[in-house]
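Residue-level structure breakdown
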Amino acid sequence: MVKINSVSFQGVDMEISYRPAKKEDVPQLVALFNAQYPRKKDETQVLWQYFGSFYPTVCYCAFSESTLVGAFTVQKRLLTDGTVIGHLIDLMVAPEWRNQGIFRALGVKAIEHFPDLEVVTVLPNRSGKVASEKAFGLRTLAKIDDLIIQKLSSIGQTTNVPPGEKMVRYQGGPEYEKWRYDENPRYRYERIRLPDGSYVVAKLFTDPTTGEQFWDIVNYQLAGQGTEMRKLFALTVETLSKRGQVRISTWALPHTPLHKVLTGLDAQPLARERYFCVKVLNPKREYLYDITRWELVPADAEIY
C-alpha cells in the first residue's frame, strides 16, 4: 500500500492510500464505474478486462480507508512499428473526491508501473481529454466523429483505395482477437469475410439510453496488399443492411484509406465527443505526434 499526504474532504483532512487493484476490489470497481457511465459493467467484464486481459494491465486504485474513491488503468500495448504504448482506460474519480490531486497521483503510479513505456495514449470523452491534458500534458491530436451508413445506393460507384503507407496501428493477432472478440463477456462479434481471408469484425449494439439498435464495425484485417478494401466494406455494408437494422456505425481518421472507402459508401459524419490524445516519453518516437502516422479503429477503444 502506497500512501501520500492527506487531502481535504468536506473540510476534513483524510488520508488516501494507493495500490494496484485486487480481485476482491471488483465489486467496488463495478459500483464506481456504473455510477458515472451509462454503459454499465458487471463483475465478469471487469475480471476479463483487468485480470484476464491479453495486454499486461494494471488498475491503480485510490482508497479512503476501505472505500474506493478512484481508479486508473493502463494497458501495455505495442504498435505495429514496435513502439511500447501505455494506453489509458477507465479513468475515474468519484465526483465528491475530485480536484484533490487524486487523479494525477493515480495516473503517475499506474504509468510508472511499466518503466519501458515510450508513448502514452488515450481515447477519452471531453472531460477525460481536459483532465489528461491538464494532469499529464497529453496533446490532443484529433476529434473523432462517427461515420454512419444508412443506404446502399453508392456501392457500385466507389473506387478502390490502396492501403496506407507508413501508418501505425495497435498490434493485433490471433491471441488478441481470441481475447478481444471471442472471449468478450459483453458483446458477440462476427466476422464478414472475403474469399482471400480478409474480414471485417462487427457487432450489434443497443444504445442503453435510446434503445436504438445498430451495427458497429469495429475492426478489419486485409489478407494482403492486393486486397480490395472497397470490396470488403461494400460486402460488409450489404450483408449488415440485410439484417434489418437501419444504421451502420464506425469511424476512421480523415487521412486514412478507410475513411476514403467509407465516404465512398455514402458514410456521413455524426458528431461525437471522442478524442485521441498522445504523450511521447521517448524522444525517438516524436513522429507519433503527427496524426497522419496513425490509423485507429473503434476496437482500439475499450467501450466497443
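The coordinates are above.
All of the points below concern the structure found in this document. (Residues numbered from 1 in each chain as written. Predicted model: local features only at pLDDT ≥ 70, side-chain atom pairs only at ≥ 80, totals over all residues. Heavy atoms only, no water.)

A few points about the packing of helix α3 (residues 102-112) against helix α4 (residues 126-136)
Between α3 and α4, the least distance of the axes is 10 Å, while the angle of their chain directions is 75°. Here α3 is positioned roughly perpendicular relative to α4, judged by the angle of their axes. Contacts from Phe-103, Arg-104, Gly-107 and Val-108 of α3 reach α4 at Ala-131, Ser-132, Ala-135 and Phe-136. Each residue belonging to the contact of α3 with α4 can be placed in one class, and the counts come to five nonpolar, two polar and one charged. (Axes fitted to C-alpha atoms, helices over the stretch in contact; angles between N-to-C directions. Helix = DSSP H or I, 4+ residues; strand = E, 2+ residues; numbered from the N terminus. Parallel < 35°, antiparallel > 145°, perpendicular 65-115°, else oblique. Contact = heavy atoms within 4.5 Å. Nonpolar A, V, L, I, M, F, W, Y, C, P; charged D, E, K, R; others polar.)

Some points on the sheet that holds strand β10 (residues 146-149)
Taken together, six strands build an open sheet; the order of strands is β11-β12-β13-β14-β10-β15 and the sheet is mixed. Of all the strands in the sheet, the pair left with one neighbour each is β11 (189-193) and β15 (268-270). Averaged over all pairs of adjacent strands, the angle between strand axes in this sheet comes to 35°, irrespective of strand direction. As paired elements, β11 and strand β12 (residues 199-206) share five bridges and run antiparallel to each other. Looking across to β12, one finds that Glu-190 is bridged to Ala-202. Relative to the sheet, helix α5 (residues 174-182) contacts β11, β12 and β13 (213-221), its axis offset from that of β11 by approximately 125°. Across the face of the sheet, helix α6 (residues 229-241) comes into contact with β10, β11, β12, β13 and β14 (248-250) while running at roughly 155° to β13. (Pairing = 2+ DSSP bridges.)

Let's talk about the packing of α6 against helix α7 (residues 257-264)
A pair of packed helices is captured by two measures, namely the crossing angle of their axes and the spacing between those axes. Contact pair α6 / α7: the axes reach a minimum separation of 10 Å and the direction vectors enclose 50°. With respect to each other, α6 and α7 are oriented oblique. With respect to the hand of their crossing, α6 and α7 are arranged in right-handed fashion. Taken together, the residues of α7 that come into contact with α6 (itself represented by Met-229, Arg-230 and Phe-233) are Pro-257, Leu-258, Val-261 and Leu-262. Broken down by class, the residue content of the contact of α6 with α7 amounts to six nonpolar, no polar and one charged. (Left-handed = near helix turned anticlockwise from the far one by under 90°.)

A short note on the packing of aromatic side chains
Under the defined criterion, the tally for this structure stands at 19 aromatic pairs. The interplanar angle of 70° and the centroid separation of 5.8 Å between the aromatic rings of Phe-54 and Tyr-176 together place this pair among those described as edge-to-face. Residue Phe-54 is located in the loop between α2 (43-51) and β5 (57-64), and its partner Tyr-176 is located in helix α5; the two are separated by 122 residues in the primary sequence. The exposure class assigned to Tyr-176 is buried, which follows from its relative accessible area of 5%. Ring centres 5.6 Å apart and planes at 50° place the aromatic pair Phe-103 and Phe-136 in the tilted group. Residue Phe-103 is located in helix α3, and its partner Phe-136 is located in helix α4; the two are separated by 33 residues in the primary sequence. For Phe-103, a relative accessible area of 17% translates into the label buried. Residue class for Phe-136 comes out buried when judged on its relative accessible area of 8%. (Phe/Tyr/Trp six-rings, centres within 6.5 Å; stacked < 30°, edge-to-face > 60°. Buried < 20%, exposed > 50% of the residue type's maximum accessible area, 1.4 Å probe, protein only.)

Re the pattern of salt bridges
Using the criterion set out here, one finds 16 salt bridges in the structure. The salt bridge partner of Asp-182 is Arg-191, with a shortest N-O separation of 3.2 Å. Residue classification places Arg-191 among the partly exposed residues on the basis of a relative accessible area of 22%. Glu-190 serves as the salt-bridge partner of Arg-243, at 2.9 Å between the closest nitrogen and oxygen. A residue pair is termed long-range when its members are at least 10 positions apart, and Arg-243 in the loop between α6 and β14 and Glu-190 in strand β11 qualify at 53 residues. (Salt bridge = Lys/Arg side-chain N within 4 Å of Asp/Glu carboxyl O.)

Quick word on the pairing of strand β16 (residues 275-280)
Most of β16 sits inside the fold, with five of its six residues counted as buried. Alignment of strand β8 (residues 119-122) against β16, held across four bridges, turns out to be antiparallel. Residue Thr-121 lies in a different strand from β16, and its bridge partner there is Val-278. By the bridge criterion, four bridges tie strand β9 (residues 139-143) to β16 in an arrangement that is antiparallel.

Let's talk about empty space enclosed by the protein
Going through the model one piece at a time under the given rule, you end up with two cavities of 30 Å³ or more. The calculated volume of the largest cavity comes to roughly 60 Å³. Along its surface, the largest cavity is lined by Trp-48, Gln-49, Tyr-55, Gln-75, Arg-77, Tyr-176, Trp-179, Arg-180, Ala-299, Asp-300, Ala-301 and Glu-302. Of all the secondary-structure elements, those providing two or more residues to the lining of the largest cavity are α2, β6 (67-78) and α5. With three residues, α5 is the single largest residue contributor to the lining of the largest cavity. Across the lining of the largest cavity, the residue classes break down as six nonpolar, two polar and four charged. Looking at the second largest cavity, its volume works out to about 40 Å³. In terms of lining, the second largest cavity is formed by Ile-217, Val-218, Asn-219, Tyr-220, Phe-233, Thr-250, Leu-258, Leu-262, Val-297 and Pro-298. (1 Å grid on protein atoms, 1.4 Å probe; cavity = no way out; pocket = protein on both sides within 12 Å on 5 of 7 lines; lining within 4 Å. Points joined across faces, edges and corners; volume = space filled by probe spheres on them.)

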